[in-house]
Amino acid sequence: MQNTTTQLTPSQEKAVNHKDGALLVLAGPGSGKTRVITHRIANLINSGVAPYKICAITFTNKAAGQMNQRVAEMGTSTGAHISTFHSLCVRILRKYAQFAAIDSKFSIYDSADQKRCMKQAIKKADIDSKSFTPGKLLAAVSSLKNNLIDPETFKTQSDGFYAAKVAKVYRAYQQLLNENASLDFDDLLMKTALLLRDNQQVRDELNDRFMYLLVDEYQDTNHAQYCIAKSLVANHGNICVAGDPDQSIYRWRGADITNILAFEKDWPDATVVKLEENFRSTPDILSVADKLIAANKNRKPKSLIPVRPPAGKVELACFEDEQEEAQGVADKINNLIRQGVSARNIAVFYRVNAMSRAMEECFVRNQMPYQIVRGVEFYSRKEIRDILAYLKIIVNPADEIALLRIINTPARGIGKVTIDKVRRYALTHGLSFYQALAKVHAIDSLSQAHKGRITAFVKMIENFKKAAPDSVSQLIKKVFVESGLQSFFNSGKESDDNSAAENINELINAAAVYERHAEQPSLMDYLQQISLFSDADSYDPTTERVALMTLHAAKGLEFENVFIIGVEDGLLPHERSAESDDELEEERRLFFVGITRAETNLHISYTRYRTVRGQYRRAVPSPFLYELPLELPHQQPSSREDSYDDFDDDISYEPDEEVVPFTKGQLVKHKKFGLGRVEQFIEMGQNSVIVVKFKAGQTKTLMLKYANLTKV
DNA sequence: CATAGCCGCCTTTTT
DNA sequence: GGCGGCTATG
């Protein structure tokens, strides 16, 4: 796209030079939006605004880092606060912890921690966990938090059976978080929003601190973020937001598109700048994107004005199954690389992470360089989580989730019964779990041996605490060795490939990098930072590798060559989004985001068959494909299908043992479900379906060729 | 109390 | 298909 020396267009210029007050930048894809924000920051600084008076909010930490770098490259002194909403909230909450009634050493719970915590809450609230899964309850709680509704308010507002249960579990969950001195992702936003709303002193201080606020990707802000932004500029109104309603793809996690659509209502004097020229993609690609997004009804029409001359190509391909699709894509990519295209200019997008697998295996087979953009994977590995749990306890002993994880990891003879005894003691004496561990000598029900083990554990943690002020990477090393994790992972069967030790080493290296770059490195800050690490943050644009990522992670990026795979009904749009028109339109926007990442060549593909959850199934082209100005390739009959078709045509009908072995009423046996009787048989050749009522009670619909039934 | 093996649950996207 | 948790066994 445009480099920094290119001139700005009049519209871009207008946005960059806008002085005080509210500014809305409605920017289409590839319109230079990020560049405008960067220029605007530089411009403010050049016109005399102190850098630290500027706060810019980006969607990911990676985007923040890039923006920081670009501002620096423009010769402007750095010092502007550029970060994500979540990072900003951590800073604010740490500084004003006493006003927010929290402990500044708070742990941040990721989704795995949240789940454990929610399970405890469900137990505590005594809820029938059959119909209320932790996942569903967490989603409900998350949505309440995003809308700044606390447990008490919700309790009074809610009616109905389900809402009452949610209210109860919400309260229990929140209480657990409090006891553990922990915040989940939503708390970071909610606590900050409430602090800014209810505490005038804090609000005034931050309004003085940040004289200018800029928010990128404003279409994906949720209500809490909206309130934070509004409070941050309550006294001066210097707010600049930029975004594109057509690229709103986070409704499912609370993003409220009306934040951007109604911006002019919030700030009636706002200046609005539209950026409709597209400097990124070829006219062909834009035509595809435009036709697609035009199918969304709930939308303000916006143009995509091509600037680049025609080049490259747009292709739609159909493959037999995900294996062949992966190979087909790999072949194309190999061709490109042979033609001299750098692998870093190539990306493959897909709807769900599970789809990376076939691609990855294929890349490995073909010895092609690739990177899967999935950063949090590393931090969810067992050994990494174990080490981090130790570190969390060192900073925040109240974090019971972390404590329970490591108290017997590696095994040190402190089992469930012992833990229960200590917990009961803690409960009756009003102590935290860790405090009770420290007072273990007073717990009569424990044997001397158990007391000794617990004392040794507490001693070890206290010993770590003494080393905590030193370097983080050194501390990780120390914990790894002295906790016994090292010998645990090295011992016999655990060290199948000693990848655990390697991963720990990588963690130590990453911590060393952190120490070099952080303004004020500390263990607490380190832990809070890595909690906010996102998938997209792991993307490294500098290496010679093809990037594989979800469509969501692709937001904000651009590549010369883009492959979008698995564009099939049920996948894109995803079956879980098929219930409402709003969700369907969001899926369309997601596809739109993917398409508009492409600069020159765009390859879209789908398959005739796909393995879903281990089942090889017929796949149907996405309805979105019929909205594109592209011909669907003639669906070549597969060799398998071929032979079947011939068979069907030539020999009009001949019962085959393989194909029609079952009649209604036939007694059959299934490996897993046992005996059953055939209820129905639907003859569909290779795809025949059989309905069996099993003795155990359940009735199952099975694909015949996978059911593996035997006649009895 | 530790370990292995099995069963059952969930399974979109993510800060 | 994959993981976490539960149970049975040593």
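Just so it is clear, the model here is predicted, and its values are computed rather than measured.

Procedures and definitions
- Residues numbered from 1 in each chain as written.
- Chains lettered and ligands numbered in written order.
- Predicted model: local features only at pLDDT ≥ 70, side-chain atom pairs only at ≥ 80, totals over all residues.
- Heavy atoms only, no water.
- Pairing = 2+ DSSP bridges.
- Helix = DSSP H or I, 4+ residues; strand = E, 2+ residues; numbered from the N terminus.
- Axes fitted to C-alpha atoms, helices over the stretch in contact; angles between N-to-C directions.
- Contact = heavy atoms within 4.5 Å.
- 1 Å grid on protein atoms, 1.4 Å probe; cavity = no way out; pocket = protein on both sides within 12 Å on 5 of 7 lines; lining within 4 Å.
- Points joined across faces, edges and corners; volume = space filled by probe spheres on them.
- Nonpolar A, V, L, I, M, F, W, Y, C, P; charged D, E, K, R; others polar.

A.B. asks: Got a sec to walk through the sheet that holds strand S3 (residues 81-84)? Specific residues and values, please.
C.D. replies: Sheet strands line up and pair through hydrogen bonds in the backbone, either parallel or antiparallel. An order of S3-S2-S6-S7-S1-S8 is seen for the six strands of this open sheet, with the pairing classed as parallel. A single partner strand is all that each edge strand has here, and the edge strands are S3 and strand S8 (271-275). Strand-to-strand twist of the sheet, defined as the mean angle between neighbouring strand axes without regard to direction, takes the value 15°. In terms of strand pairing, strand S6 (residues 212-215) meets strand S7 (residues 239-243) through three bridges, oriented parallel. Note on S7: the bridge partner recorded for Leu214 is Cys240. Those strands touched by helix H3 (residues 61-73) are strand S2 (54-58) and S3, and its axis lies near 160° from that of S3.

A.B. asks: Break down the sheet that holds strand S14 (residues 546-550) for me, with residues and values.
C.D. replies: In space, the six strands of this open sheet follow the order S11-S16-S15-S12-S14-S13, with parallel pairing throughout. The strands lining the two open edges of the sheet, one partner per strand, are strand S11 (314-319) and strand S13 (370-372). Each strand of the sheet is rotated relative to its neighbour by a mean of 20°, with strand direction disregarded. Where strand S15 (residues 559-564) meets strand S16 (residues 598-607), five bridges bridge the pair, whose relative direction is parallel. Paired with Val562 across the strands is Leu602, a residue of S16. Along the sheet, helix H14 (residues 283-293) makes contact with S11 and S16, crossing S16 at roughly 50°.

A.B. asks: Go over the layout of surface pockets with me, naming the residues and quoting the values.
C.D. replies: Its boundaries defined by the atoms lining it, the second largest pocket holds a volume of some 1,900 Å³. Asn61, Tyr514, His517, Gln529 and Phe533 are, among the 46 residues lining the second largest pocket, the residues nearest its centre. Elements with a contribution of two residues or more to the lining of the second largest pocket: H3, S3, helix H4 (85-95), helix H17 (376-379), helix H25 (499-517) and helix H26 (523-531). Among the residues making up the lining of the second largest pocket, the classes are represented as 17 nonpolar, 18 polar and 11 charged.

Function-wise, these values are silent; they only describe arrangement.
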